[in-house]
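Geometric and topological summary
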Amino acid sequence: MNPQAKLIFAISLLLGTAITTSSNHWIMAWAGLEINTLAILPLISKSHHPRAIEAATKYFLVQATASTLLLFSSMTNAWYTGQWDITQLTHPISCLILTSAIAMKLGLVPFHFWFPEVLQGAPLTTGLLLATVMKFPPITLFFLTSHSLNPTLLTCMAILSAALGGWMGLNQTQIRKILAFSSIAHLGWMTIIISFDPKLTLLNFYIYSLMTAATFLALNSIKALKLTTLMTTWTKTPSLNAMLFLTLLSLAGLPPLTGFLPKWLIIQELTKQSMAPAATVISLLSLLGLFFYLRLAYCTTITLPPHTTNHMKQWHTNKPTHITIAILTTLSTMLLPISPLIYPLS
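Residues numbered from 1 in each chain as written. Predicted model: local features only at pLDDT ≥ 70, side-chain atom pairs only at ≥ 80, totals over all residues. Heavy atoms only, no water.

Named according to an unreviewed UniProt entry, the protein is NADH-ubiquinone oxidoreductase chain 2 originating from Phylloscopus collybita. Database annotation for the protein, UniProt heading Catalytic activity (unreviewed entry): "a ubiquinone + NADH + 5 H(+)(in) = a ubiquinol + NAD(+) + 4 H(+)(out)". Of the protein, the UniProt comment under Sequence similarities (unreviewed entry) reads exactly: "Belongs to the complex I subunit 2 family." (UniProt positions renumbered as here; feature names shortened; annotations may be inferred.)

And the structure:
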């Protein structure tokens, strides 16, 4: 793709995100979301592969539907209350439609079907944008309207997302699909707490974005798209594979690593809100995700390639490991000891 075109799309992505996150008016928020959608479409379909074109088409249709629902929700609220302010969403029908629209934008259950397919059709770098940057504006709208939304509905959607995200990722061999289902499960953790402590949702999103960025960039560096390819990468970059192993365990939420921090705080807050059963259920469901993270981590650290591989082994990386990956993987594994400092900052 032309560098000038890439620059325009990148600036458009930043502009759309900035407009949505800083707006008070529903029309401005909607305009920012539309700019974001139109800017990411060429990046998804840039390879001109039929799967990439299909992914871009699916993404466009889903996001256009979600934007329509969001606009309809805000118009309904304005019709009944005379308010276009994002924080003044009070009409119950508008709140229900908005919850559906944002769930569709994010890929929450039951509107999750498009996300694994789109991520599978997109390149790894675009997949990183889809899993992190593109979710920030809808999460911001969730944050601003959290006091108006139905907590029972959000809790049900969150538990279903954690269940299906873990369950459907179990039998996948494509790494991008595994990371897509991982994203759906993480969104469940963010959604369950948003009615009670919205700042915790943002903290969870920031830490999730950090770990996902480290994982995607490491995988992009070693050019691994399938588990069979990942099994033969140890000989190329042992140190990068070792850090990828730790990052994947952090993404699973194992205790001494950064990923345990948001889960710990969310379980603590749910218990304070007399929601110990929900906390227990979502904690048990995270064990499903732990299984496929451990499988990914195991494939990452296999030191001898299996004898049944039917592809050419790559003995060298296509480009040197960037300093960004080093910083991100370090942050993804070592932030837990300074958690008393991180939580007040959020």
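That covers the picture; the talk isn't over yet.
Across all of its chains, the model carries three salt bridges by this definition. Where Glu-117 meets Lys-58, a salt bridge forms, and the shortest distance between an N and an O atom there is 4.0 Å. Pair noted here: Glu-117 is in helix H5 (residues 114-121) and Lys-58 is in helix H3 (residues 50-81), with a separation of 59 residues, a long-range link. By relative accessible area, which is 29% here, Glu-117 ends up partly exposed. Here Glu-117 makes a salt bridge to Lys-177, at a shortest N to O gap of 3.4 Å. Taken together, the residues Glu-117 in helix H5 and Lys-177 in helix H9 (residues 175-193) connect sequence positions 60 residues apart. We classify Lys-177 as buried; its relative accessible area is 17%. It is possible to trace a salt-bridge network through shared partners that takes in Glu-54, Lys-58, Glu-117 and Lys-177. (Salt bridge = Lys/Arg side-chain N within 4 Å of Asp/Glu carboxyl O. Helix = DSSP H or I, 4+ residues; strand = E, 2+ residues; numbered from the N terminus. Buried < 20%, exposed > 50% of the residue type's maximum accessible area, 1.4 Å probe, protein only.)

Looking now at the UniProt feature "transmembrane region" (unreviewed entry) in the protein. UniProt marks residues 59-79, 91-115, 152-171, 178-196, 202-219, 240-261, 281-304 and 325-343 with the feature "transmembrane region" (unreviewed entry), using the numbering shown here. Annotation note: span residues 59-79, helix share 100%, strand share 0%, distance between end C-alpha atoms 30 Å. Segment residues 152-171 splits into 85% helix and 0% strand. End C-alpha atoms: 31 Å apart.

Below, the discussion takes up the domain arrangement of the protein. Each assigned domain of the protein is listed with its residue range as follows: domain 1 (1-128) and domain 2 (150-345). For domain 1 and domain 2, the distance between their C-alpha centres works out to 23 Å. Counting from both sides, the interface comprises 20 residues of domain 1 and, opposite them, 26 residues of domain 2. Between domain 1 and domain 2 lies a buried interface of about 2000 Å² when both sides are counted; carbon and sulfur atoms form 78% of it. On the domain 1 side of the interface with domain 2, the three residues burying the most area are Val-109, Gln-120 and Leu-124, jointly 35% of the side's total. Connecting domain 1 to domain 2 are one salt bridge. Taken together, the connections running from domain 1 to domain 2 amount to five residue pairs in polar contact (both at pLDDT 80 or more). Mapped onto the side of domain 1 that touches domain 2, the elements with two or more residues apiece are helix H4 (92-106), H5 and helix H6 (124-131). Looking at which element gives the most residues to the side of domain 1 that touches domain 2, the answer is H5, with five residues. Grouping the amino acids of the side of domain 1 that touches domain 2 by side-chain chemistry returns 13 nonpolar, six polar and one charged. (Domains from an automatic or database assignment. Contact = heavy atoms within 4.5 Å. Buried area = accessible area lost by both parts, 1.4 Å probe. Polar contact = N/O pair within 3.5 Å; in protein donor to acceptor, adjacent residues only side chain to side chain. Nonpolar A, V, L, I, M, F, W, Y, C, P; charged D, E, K, R; others polar.)

Per the UniProt annotation, the sites labelled "domain: NADH:quinone oxidoreductase/Mrp antiporter transmembrane" (unreviewed entry) are residues 23-288. Between the end C-alpha atoms of residues 23-288 there is a gap of 38 Å, over a span that is 75% helix and 0% strand.

With that settled, the discussion passes to the packing of aromatic side chains. Taken as a whole and assessed by the stated rule, the structure comprises seven aromatic pairs. Taking 5.8 Å as the distance between ring centres and 15 degrees as the angle between the ring planes, the aromatic pair formed by Phe-136 and Phe-205 counts as stacked. Highlighted residues: Phe-136 in helix H7 (residues 136-145) and Phe-205 in helix H10 (residues 198-222), separated in sequence by 69 residues. Judged by its relative accessible area of 3%, Phe-205 falls in the buried class. Grouping aromatic residues by their ring pairs yields a cluster made of Tyr-59, Trp-114 and Phe-115. Sitting above the plane of the Phe-115 ring, Lys-135 keeps its charged end 4.0 Å from the centroid. (Phe/Tyr/Trp six-rings, centres within 6.5 Å; stacked < 30°, edge-to-face > 60°. Lys NZ or Arg CZ within 6 Å of the ring centre and 35° of its normal.)

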